[in-house]
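Here are the chains, one letter per residue:
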Amino acid sequence: MAANENFKGEVLRLAGQEVLTCIQCGTCSASCPTAHLMNPSIRRLVKLCLEGKKEEALRNETIWLCTSCQLCTVRCPRGIRPKAVVAALKELAEQEKVKGKDQAYEELFQKQIKDFGRIAETPLSGEFLLVFPQGALQSLEMGLELVPKGKINLGVEKIKGREEVKRIMEELCKG
Amino acid sequence: MKLAYYPGCVSRSTGKEMDVSTRAVCAALGIALQELEDWNCCGATHVPNELVSIGLAARNMAQTDLPIMTSCSICYSNLRSASLAMEDPEVRAKVNAVLTKKYSGAKIRHALDVILEVLEKNDELIKVPLKDLKVAPYYGCLLTRPKGGIDQPEFPTILEKLIKTLAAEPLDFRLKTFCCGGPIFMPQEKAADDIAFLILKEAKKAGAEVIVTVCPLCHLMLDAKQKALEQKHKEKIGIPVMYVTQLVGIALGLGPDELGLQMNAVSPMPVVEKIYERLTKEA
């Protein structure tokens, strides 16, 4: 029980205390562009957090189907940011070492920022394919469009302020 | 007008024509852009920790005293969210504690809004009116979110206003602020494809000759993926997708090379030819 309360507290700390005021109206689910693929729905996900059901809340596809479009957040009649609840769960999933392709993509993305200060899309896609080879067909299809147009850049740009960026990422995640 | 310019990471690869056309249009409109010193990635939609995300944006904002303009909706949304969050003294203190140059306030502008402001005052700059061109105004999601930015978060009209200023016809486009799926297209291909195709089909139904996008991820989903989506769904779309800056550039009389039109996957050249044909016919 204590662990569950602790989980709920962490979600509220990261996503805002107003999550407690959720009336389960489902406006968030009805607004979500990927709702048709979600189980649990975003509404149900918020409920799982409030019930402290950590495992169910962290281990599902829903949090990775969120596109961060913020329509739920624009529309919520209680001023809750369901998108921030998802972000909180992504962060907690990272701490709990939940593994999967989506988690891997976020990690690779953040590692590039930490190492270079910027994103180099082609190397990022390459690294991701090592983790998720099933994505190769899509990358090939896109490569066929982008390469002839000169829009694939194999190089990596490193900024001068890399130490500062690393500090931002390492220090500020402590809260 | 002099502004600091934040190109964003995609300007170096998949969104090159966004950067090229932004610079060309601003030069033609007399807007001087100074690229932000040693800028870093804004984190896009892949940094779940809010304080880290604010910190990444704040480092960029602390590099200049000028208002900052960007063409990317995601960068715009992130910089704006961070500037709002930095109003909280506690957040500002925490973030400034790790920044080398301290943040002391910033004004964030989107290229769309800057361009419209200049064009409304100087409509003689429109050399090639885009008469009768049917344009689907596609905003995507983050340009207008969180609320309080360039326009209303759900029913914005600024893009239609710009399209009308160019003498083109903005279509009634039902899915104009519906997300394109771009942020998850790598790990969640099916989900992203479903929504991107829905948007393309809607544009076709509306009778669009061209779809205009603001965000580089929307552009990638609707333009670079269009052929693959057509094959997957066995339905022809065949609509060119232009960045708003490319469309403005055509109306300013800039050439295809100056606007990076050869970099679009679905060639916009037939539409450009049609625009000039209509213009000659009228003359």
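Keep in mind the model is a prediction, meaning the values are calculated, not measured. (Residues numbered from 1 in each chain as written. Chains lettered and ligands numbered in written order. Predicted model: local features only at pLDDT ≥ 70, side-chain atom pairs only at ≥ 80, totals over all residues.)

**Quick word on the overall build of chain B**
Link 1 in the chain: Looking only at helices and strands, chain B has eleven helices and eight strands in total.
Link 2 in the chain: Compactness check: chain B gives a C-alpha radius of gyration of 19 Å against a globular reference of 19 Å for 283 residues, within 12% of the reference.
Link 3 in the chain: Within the span of chain B, comprising 283 residues, buried residues form 58% of the whole.
Link 4 in the chain: Looking at chain B alone, contacts between residues at least 24 apart form 77% of all its contacts between residues at least 6 apart. (Helix = DSSP H or I, 4+ residues; strand = E, 2+ residues; numbered from the N terminus. Rg over C-alpha atoms; globule rule 2.2 N^0.38 Å. Buried ≥ 20, exposed ≤ 12 C-beta atoms within 10 Å, placed from the backbone. Contact = placed C-beta atoms within 7 Å.)

**Examining the overall build of chain A**
Link 1 in the chain: Scanning chain A for helices and strands turns up eleven helices and zero strands.
Link 2 in the chain: The N-to-C order of helical and strand elements in chain A reads α-α-α-α-α-α-α-α-α-α-α.
Link 3 in the chain: Counting only C-alpha atoms and orienting by the principal axes, one finds that chain A spans roughly 50 × 35 × 30 Å.
Link 4 in the chain: Taking all 175 residues of chain A together, the buried fraction comes to 40%.
Link 5 in the chain: Sequence separation of 24 or more characterises 64% of the internal contacts of chain A that already satisfy a separation of 6 or more.

**Quick notes on the packing of helix α2 (residues 50–61) of chain B against helix α3 (residues 73–85) of chain B**
All names here are of chain B.
Link 1 in the chain: One can describe the packing of α2 onto α3 by two numbers: an axis separation of 9 Å at closest approach and a directional angle of 95°. Here α3 runs roughly perpendicular to α2, going by the angle between their axes. On the side of α2, the interface is formed by S53, I54, A57, A58, N60 and M61, while α3 contributes N78, L79, A82, S83 and A85. (Axes fitted to C-alpha atoms, helices over the stretch in contact; angles between N-to-C directions. Parallel < 35°, antiparallel > 145°, perpendicular 65-115°, else oblique.)

**Regarding the sheet that holds strand β7 (residues 210–213) of chain B**
Residue and element names in this part refer to chain B.
Link 1 in the chain: Spatial strand order, β6-β5-β7-β8: four strands in an open sheet with parallel pairing. In the strand order of this sheet, the two ends are held by β6 (169–170) and β8 (241–243), each with one partner.
Link 2 in the chain: With three bridges connecting them, strand β5 (residues 134–137) and β7 associate as parallel partners. Counted as the bridge partner of P137 is V212 from β7. (Pairing = 2+ DSSP bridges.)

**A look at the sheet that holds strand β4 (residues 108–110) of chain B**
Residues and elements named next belong to chain B.
Link 1 in the chain: Spatial strand order, β2-β1-β3-β4: four strands in an open sheet with parallel pairing. Only two strands of the sheet have a single neighbouring strand rather than two, namely β2 (32–35) and β4. Taken over all neighbouring pairs, the strand axes of this sheet differ in orientation by 40° on average, direction set aside.
Link 2 in the chain: Strands β1 (2–5), β3 (68–70) and β4 of the sheet are contacted by helix α5 (residues 111–121), whose axis makes an angle of about 75° with β4.

**Looking at the pairing of β5 of chain B**
All names here are of chain B.
Link 1 in the chain: Pairing of β5 with β6, which is carried by two bridges, proceeds in the parallel orientation. Following the sheet pairing, V135 is matched in β6 by P170.
Link 2 in the chain: In this view, the connection linking β5 to its parallel neighbour β6 by way of helix α6 (residues 158–165) has right-handed handedness. (Right-handed = clockwise from strand over helix to strand, strands pointing away.)

**A short note on the domain arrangement of chain B**
Residues and elements named next belong to chain B.
Link 1 in the chain: Its domain assignment divides chain B into domain 1 (2–111) and domain 2 (125–282).
Link 2 in the chain: Measuring from the centre of the C-alpha atoms in domain 1 to the corresponding centre in domain 2 gives 24 Å.
Link 3 in the chain: Residue-level contacts link 24 residues of domain 1 with 27 residues of domain 2.
Link 4 in the chain: Considered class by class, the residues forming the side of domain 1 that touches domain 2 number eleven nonpolar, ten polar and three charged. (Domains from an automatic or database assignment. Nonpolar A, V, L, I, M, F, W, Y, C, P; charged D, E, K, R; others polar.)

**Quick word on the confidence of the model for chain B**
Link 1 in the chain: Residue-level pLDDT values for chain B average 97, and 100% of them are 70 or greater.
Link 2 in the chain: Across the assembled chains, the prediction reports ipTM 0.96 with pTM 0.97. (pLDDT = per-residue confidence, 0-100.)

**Section: the interface of chain A and chain B**
For interface size, the figure often reported is the accessible area lost on association.
Link 1 in the chain: Contact with chain A, which involves 53 residues of that partner, is made by 49 residues of chain B.
Link 2 in the chain: Within the residue set of the side of chain A that touches chain B, elements represented by two or more residues are α5 (62–65), α6 (71–75), α7 (82–95), α8 (101–116), α9 (121–131), α10 (136–146) and α11 (162–172) of chain A.

**A closer look at the environment of V11 of chain A**
All names here are of chain A.
Link 1 in the chain: With respect to the helices and strands, V11 occurs in helix α1 (residues 2–15).
Link 2 in the chain: Owing to 23 C-beta atoms within 10 Å, V11 belongs among the buried residues under this scheme.
Link 3 in the chain: Residues V11 and A88, 77 residues apart in the sequence, show an inter-C-alpha distance of 5.8 Å.
Link 4 in the chain: Leave out the neighbours within four places in its chain, and V11 touches V19, C49, V85 and A88.

**Details of the environment of V156 of chain A**
All names here are of chain A.
Link 1 in the chain: Within the element layout of this structure, V156 appears in the loop between α10 and α11.
Link 2 in the chain: As for V156 and R44, which are separated by 112 residues in sequence, their C-alpha atoms are 41 Å apart.
Link 3 in the chain: Setting aside anything within four residues of it in sequence, one finds V156 in contact with F116, A120 and P123.

**So, unusual backbone geometry**
Link 1 in the chain: Between N39 of chain A and the following residue, P40 of chain A, the backbone shows a cis peptide bond with an omega angle of 5°.
Link 2 in the chain: Tracing the backbone through its elements, the reader meets P40 of chain A in the loop between α2 (27–31) and α3 (42–50).
Link 3 in the chain: Put simply, R145 of chain B and P146 of chain B share a cis peptide bond, and its omega is -5°.
Link 4 in the chain: Following the sequence through the fold, P146 of chain B ends up in the loop between β5 and α6.

**Digging into the nonpolar core**
Link 1 in the chain: In this structure, V85 of chain A together with I211 and V212 of chain B are the most contacted members of the largest nonpolar core, which totals 148 residues.
Link 2 in the chain: Those residues in contact with V85 of chain A, other than ones at most four positions away along the chain, are V11, A15, V19, L45, V46 and C49 of chain A. (Core = buried A, V, L, I, M, F, W, Y, C linked by C-beta atoms within 7 Å.)

**So, the domain arrangement of chain A**
Link 1 in the chain: Looking at chain A, the domain boundaries give domain 1 (2–95) and domain 2 (101–172).
Link 2 in the chain: Using only C-alpha atoms to locate each centre, domain 1 of chain A and domain 2 of chain A end up separated by 27 Å.

**A closer look at the packing of α11 of chain A against α2 of chain B**
Link 1 in the chain: One can describe the packing of α11 of chain A onto α2 of chain B by two numbers: an axis separation of 8 Å at closest approach and a directional angle of 155°. For the element pair α11 of chain A / α2 of chain B, the angle class is roughly antiparallel. Viewed along their axes, α11 of chain A and α2 of chain B form a crossing whose handedness is right-handed. Residue-level inspection shows E164, V165, I168, M169 and L172 of chain A of α11 of chain A in contact with α2 of chain B, the latter providing L51, V52, G55, L56 and R59 of chain B.
Link 2 in the chain: Looking at side-chain class alone, the contact of α11 of chain A with α2 of chain B contains seven nonpolar, one polar and two charged residues. (Left-handed = near helix turned anticlockwise from the far one by under 90°.)

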